[in-house]
Amino acid sequence: MESFDVDPLPERLVARLRRAQRVVVFTGAGVSAESGIPTFRDALTGLWQRFDPMALATPEAFEADPALVWGWYEWRRMQVLRAQPNPAHRAIAELANRVPQLTLITQNVDDLHERAGSPAVIHLHGSLQAPRCFHCARPFAELAEPLEPEQGRALAPPRCRHCGGPVRPGVVWFGECLPERALSEAFAAAEQCDLLLSVGTSGLVYPAAQIPALALRAGACVVHVNPQPQALGGAAEFNLAGLAGERLPALLRAAFG
Ligand code: BV8
Ligand code: ZN
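Bear in mind the structure is a predicted one, so any value in this text is a computation, not a measurement.

Engineer: What exactly am I supposed to notice about the site of ligand 1 here?
Structural biologist: Not every one of the 35 residues close to ligand 1 is listed here, only the nearest: R41, Y73, R76, E176 and S202. One of the backbone N or O atoms of V172 is found 2.7 Å from a nitrogen atom in ligand 1. Within the contact set of ligand 1, a nitrogen atom lies 2.7 Å away from a backbone nitrogen or oxygen of E176. Starting from 1500 Å² of accessible surface for ligand 1 in isolation, the protein chains cover 74%. Going through the elements one at a time, α2 (30-33), α5 (66-82) and β7 (221-226) are the ones with two or more residues in the shell around ligand 1. Classifying every residue of the shell around ligand 1 gives 20 nonpolar, 11 polar and 4 charged.

The following block contains the structure:
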């Protein structure tokens, strides 16, 4: 199948974006990589090198060692607090002003899209900013100042004021169901769009990974913005190889000036 080289921006893609009516942007950890947030497959530093993120991001891991898992998420929350949105986040926020309808769907648990100015973000896998009680699910609003970078260590989670249960991160762990409404909104947007930009995702985690295929099957053009070319499933699916922080601003400049 045809795939685009790194340079220059393919005119066919620029033209499709210029005339697109309903655009979906679907992001993964790669969109935050240039903000200094490690992706899931990057080697993690410090205490976390000994642990597999896939094993830590489960309810079983939290029940077995709440302090280890809570410490990991607080360390990640600290990284996000200290990070800034990058040109990819800003280009996605700007795109919402350039096309009639834009739906932003993210697998990420950081708030960098919101901080870049994206008005509405569908978080399929929850958010670091919304901890809740592990037992009664009441939201917990009194998060302390998170750990310093070198303090990445186990940390006992706070206790729920209502039932005394341990507070957990507001993310969707492996083996947990995705928020019903977020998932149905995301699927509907994918099935109704005419262009889907898949940005910085390895497409390995389900059911989120179905989204680009849903768009392709519904007749949309699908573009993967990623340094690693993705497997292509149809004539309307392309790779736009490169860093999201470079390719997305260039794509918007070419399409809208
Ligand atoms: C579910 C939140 C129903 C937490 C995440 C057995 C039992 C139970 C379930 C399963 C099972 N076997 C399989 C499953 C399904 C499972 C799954 O898909 N597993 C995979 C591993 C096969 N899914 C689930 O469990 C989901 N729930 O199915 O419920 C159910 C219930 C019970 C029983 C059965 C079914 C829940 C999945 C959600 C997990 N939570 N996040 C947290 O953040 O800690 S997933 C997490 O990992 C992220 O959110 C993200 O989705 C995923 C990482 O993927 P990416 O974002 O793509 O990041 P990655 O590092 O992989 O790739 C980065 C990409 O960026 C790379 O391609 C790189 O090239 C690129 N890149 C790098 N730099 C740049 C760049 N691109 C552009 N620019 C750059 N600068
Ligand atoms: Zn509680």
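Back to the write-up after that little detour.
Engineer: Just checking my understanding: could you explain the coordination of the zinc ion (ligand 2) for this structure?
Structural biologist: Around a metal, the idealised angle for a tetrahedral arrangement of four donor atoms is 109.5 degrees; for an octahedral arrangement of six donor atoms it is 90 or 180 degrees. Looking at the zinc ion (ligand 2), one finds its protein donor set to be C133 (SG), C136 (SG), C160 (SG) and C163 (SG), positioned 2.2 to 2.4 Å from the metal centre. Each of the 4 donor atoms bound to the zinc ion (ligand 2) contributes to angles spanning 97 to 122 degrees, and the resulting shape is tetrahedral. Site description for the zinc ion (ligand 2): donor spacing in sequence, C-x2-C-x23-C-x2-C. Owing to a relative accessible area of 8%, C160 belongs among the buried residues under this scheme.

Engineer: It is not clear to me how the nonpolar core should be interpreted in this structure. Could you clarify?
Structural biologist: Counting residues in hydrophobic clusters, the biggest one holds 29 residues, and the most contacted among them are V223 and L248. Going through the elements one at a time, α1 (11-19), β1 (22-27), α6 (87-95), β6 (195-199), β7, β8 (237-241) and α10 (244-256) are the ones with two or more residues in this core. In terms of residue count, the dominant contributor to this core is α10 (6 residues). Once you skip the residues sitting within four places of it in the chain, V223 turns out to touch L13, L195, L196, L197, S198, F238 and L240. Of all hydrophobic cores here, the second largest spans 21 residues; its members include F26, V172, A186 and L214.

Cut-offs and rules
- Throughout this document, residue positions are counted from 1 along each chain, in the order its sequence is written.
- All chains are assigned letters beginning at A, and all ligands numbers beginning at 1, according to the order in which they are written.
- Only residues with pLDDT of at least 70 get local features here, since the model is predicted, and only at 80 or more are side-chain atom pairs given and counted; chain-wide, interface and lining totals rely on the full set of residues.
- Excluded from the side-chain calculation are hydrogens and water; included are all heavy atoms of the structure.
- Proximity is defined per residue: any heavy atom of the residue falling within 4 Å of a molecule or strand makes that residue near it.
- Two N or O atoms count as a polar contact when they lie within 3.5 Å, although within protein this holds only if one can serve as hydrogen donor and the other as acceptor, and sequence-adjacent residues are included solely when both atoms are side-chain atoms.
- Each accessible area value is a Shrake-Rupley result obtained with a 1.4 Å probe; residue values ignore everything except the protein chains displayed when judging cover.
- Strands here mean DSSP runs of E at least two residues long; helices mean DSSP runs of H or I at least four residues long; both are numbered from the N terminus.
- Amino acid classes used here: Ala, Val, Leu, Ile, Met, Phe, Trp, Tyr, Cys and Pro are nonpolar; Asp, Glu, Lys and Arg are charged; the rest, including Gly, are polar.
- Sites may look incomplete, because water is not among the atoms used; the donor set itself consists of N, O and S atoms within 2.8 Å of the metal (3.2 Å for Na, K and Ca).
- Every geometry call rests on angle ranges, with four donors termed tetrahedral when all angles are between 85 and 135 degrees, four termed square planar and six termed octahedral when opposite donors are over 155 degrees apart and all others are between 65 and 115, and everything else termed irregular.
- Type-normalised accessible area, obtained with a 1.4 Å probe on protein chains alone, sets the label of each residue: buried when under 20%, exposed when over 50%, and partly exposed for intermediate values.
- For the purposes of this section, nonpolar cores are sets of buried Ala, Val, Leu, Ile, Met, Phe, Trp, Tyr and Cys residues that join through side-chain atoms within 4.5 Å.
- Contacts between residues were defined by any pair of non-hydrogen atoms, one from each residue, lying within 4.5 Å.

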